[in-house]
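Spelled out from the first residue to the last, the chains are:
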Amino acid sequence: MGCIQSVSIADLLQMRSLSVNLLEDIPAVIARFFPEAVLCADYFTNILKKHQQAKDERQLFDYDDILKNWLDLLKSKDGSLIKQAYDYVMVDEFQDTNTIQYAWLRVLAGNRDNLMVVGDDDQSIYGWRGAKIENIQQFTKDFSNASTVRLEQNYRSTSNILTAA
């Protein structure tokens, strides 16, 4: 099977990471990001399930597990206690949020108008972790009371600063 040799351990871990961050199953991630491995999708899915089982048995977490478990906790019965602890939620660099992070925000904010996000769709740099610029466009649809404030002036790079630099 040629696809087995064409996938590294780093690729396997990236498949799993994208699966968590994009809230997609492993075969969908393989089809989208690793098309050369589609014929071996079941094989790689099985390897990643065994990897997860080994982590679970040892009570080990990686960063992606933290992301997933946080969403699960927010959606659980105990999640209401967490939501009540926050009067307001502010997210900077919103352009770099991925699907699971956006899901947190939707659960955490609920129906309250207590969420503010700041982002610049020209500065997204975390596509490799599943960042979706579409979250900015989706925000005003999901939070219909949201207002958009555009900052058109660059205060960090005034002519005096640029001249001095």
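As a starting point, this report considers the structure included with it. (Residues numbered from 1 in each chain as written. Predicted model: local features only at pLDDT ≥ 70, side-chain atom pairs only at ≥ 80, totals over all residues. Heavy atoms only, no water.)

### Examining the overall build of the protein
Counting its secondary structure elements, the protein contains 9 helices and 2 strands. Counting helices and strands in the order they occur from the N terminus, the protein gives α-α-α-α-α-α-β-α-β-α-α. Expressed along its principal axes, the backbone C-alpha trace of the protein runs to roughly 60 × 50 × 30 Å. Across the 165 residues in the protein, those meeting the buried criterion constitute 33%. A separation of at least 24 residues holds for 68% of the contacts in the protein among residues at least 6 apart in sequence. When the accessible surface of the protein is summed, it comes to about 11,200 Å², and 53% of that surface belongs to carbon and sulfur atoms. Looking at charge distribution, the protein has the averaged site of its 17 positive side-chain charges lying 6 Å from that of its 23 negative ones. (Helix = DSSP H or I, 4+ residues; strand = E, 2+ residues; numbered from the N terminus. Buried < 20%, exposed > 50% of the residue type's maximum accessible area, 1.4 Å probe, protein only. Contact = heavy atoms within 4.5 Å. Areas by Shrake-Rupley, 256 points an atom, 1.4 Å probe, with all protein chains shown as cover. Lys, Arg positive; Asp, Glu negative; His and termini not counted. Charge placed at Lys NZ, Arg CZ, Asp CG, Glu CD.)

### Here's the deal with the packing of helix α3 (residues 26–33) against helix α4 (residues 41–57)
Relative orientation of the contacting elements α3 and α4 amounts to 125°, with a least axis distance of 9 Å. In this view, α3 runs oblique relative to α4, as classed from their interaxial angle. α4 is crossed by α3, and the crossing has right-handed handedness. On the side of α3, the interface is formed by Ile26, Pro27 and Ile30, while α4 contributes Ala41, Phe44, Thr45 and Leu48. Its residues assigned to classes, the contact of α3 with α4 shows 6 nonpolar, 1 polar and no charged. (Axes fitted to C-alpha atoms, helices over the stretch in contact; angles between N-to-C directions. Parallel < 35°, antiparallel > 145°, perpendicular 65-115°, else oblique. Left-handed = near helix turned anticlockwise from the far one by under 90°. Nonpolar A, V, L, I, M, F, W, Y, C, P; charged D, E, K, R; others polar.)

### Looking at the layout of surface pockets
Size it by volume and the largest pocket reaches roughly 1,300 Å³. For the largest pocket, the lining is made up of 32 residues, of which Val117, Val118, Gly119, Asp120 and Val149 are closest to its centre. Those elements that place two or more of their residues in the lining of the largest pocket are β2 (115–117) and α8 (134–142). In terms of residue count, α8 provides more of the lining of the largest pocket than any other element does, 4 residues in total. Considering only residue class, the lining of the largest pocket consists of 12 nonpolar, 11 polar and 9 charged. As a volume, the second largest pocket reaches approximately 350 Å³. (1 Å grid on protein atoms, 1.4 Å probe; cavity = no way out; pocket = protein on both sides within 12 Å on 5 of 7 lines; lining within 4 Å. Points joined across faces, edges and corners; volume = space filled by probe spheres on them.)

### A closer look at a nonpolar patch on the surface
Taken together, Met90, Met116 and Val118 make up a surface patch of nonpolar side chains, about 270 Å² in accessible area. Among the secondary structure elements, Val118 is positioned in the loop between β2 and α8. The partly exposed category is assigned to Val118, whose relative accessible area is 32%. (Patch = residues over 30% accessible without salt bridge, like charges linked within 9 Å, V, L, I, M, F, W, Y side chains within 5 Å. Salt bridge = Lys/Arg side-chain N within 4 Å of Asp/Glu carboxyl O.)

### Overview of helix α7 (residues 99–109)
Counting buried positions over the 11 residues of α7 gives 9, a clear majority of the element. For α7, the full list of buried residues reads Thr99, Ile100, Gln101, Tyr102, Ala103, Leu105, Val107, Leu108 and Ala109. Contacts made by the buried residues of α7 are with α2 (9–22), α5 (63–75), α6 (79–84), β1 (89–91), β2 and α8. In this structure Asn98 caps α7, since a side-chain oxygen of it lies 3.2 Å from the backbone nitrogen of Ile100. Directly beyond the C-terminal end of α7, a positive phi value near 60° is found at Gly110. (Polar contact = N/O pair within 3.5 Å; in protein donor to acceptor, adjacent residues only side chain to side chain.)

### With respect to unusual backbone geometry
Phi is positive for Leu23, close to 55°, though the residue is something other than glycine. Backbone geometry at Glu93 places phi at a positive 60°, although glycine is not the residue there. Structurally, the position occupied by Glu93 is in the loop between β1 and α7.

### Brief notes about the nonpolar core
Ranked by size, the top nonpolar core spans 18 residues in total, and within it Leu105 and Leu115 carry the most contacts. Contributing elements (two or more residues each) for this core: α5, β1 and α7. No other element matches the 7 residues that α7 contributes to this core. Those residues in contact with Leu105 that lie beyond four places of it in its chain are Val89, Val91, Phe94, Gly110, Leu115 and Phe143. (Core = buried A, V, L, I, M, F, W, Y, C linked by side-chain atoms within 4.5 Å.)

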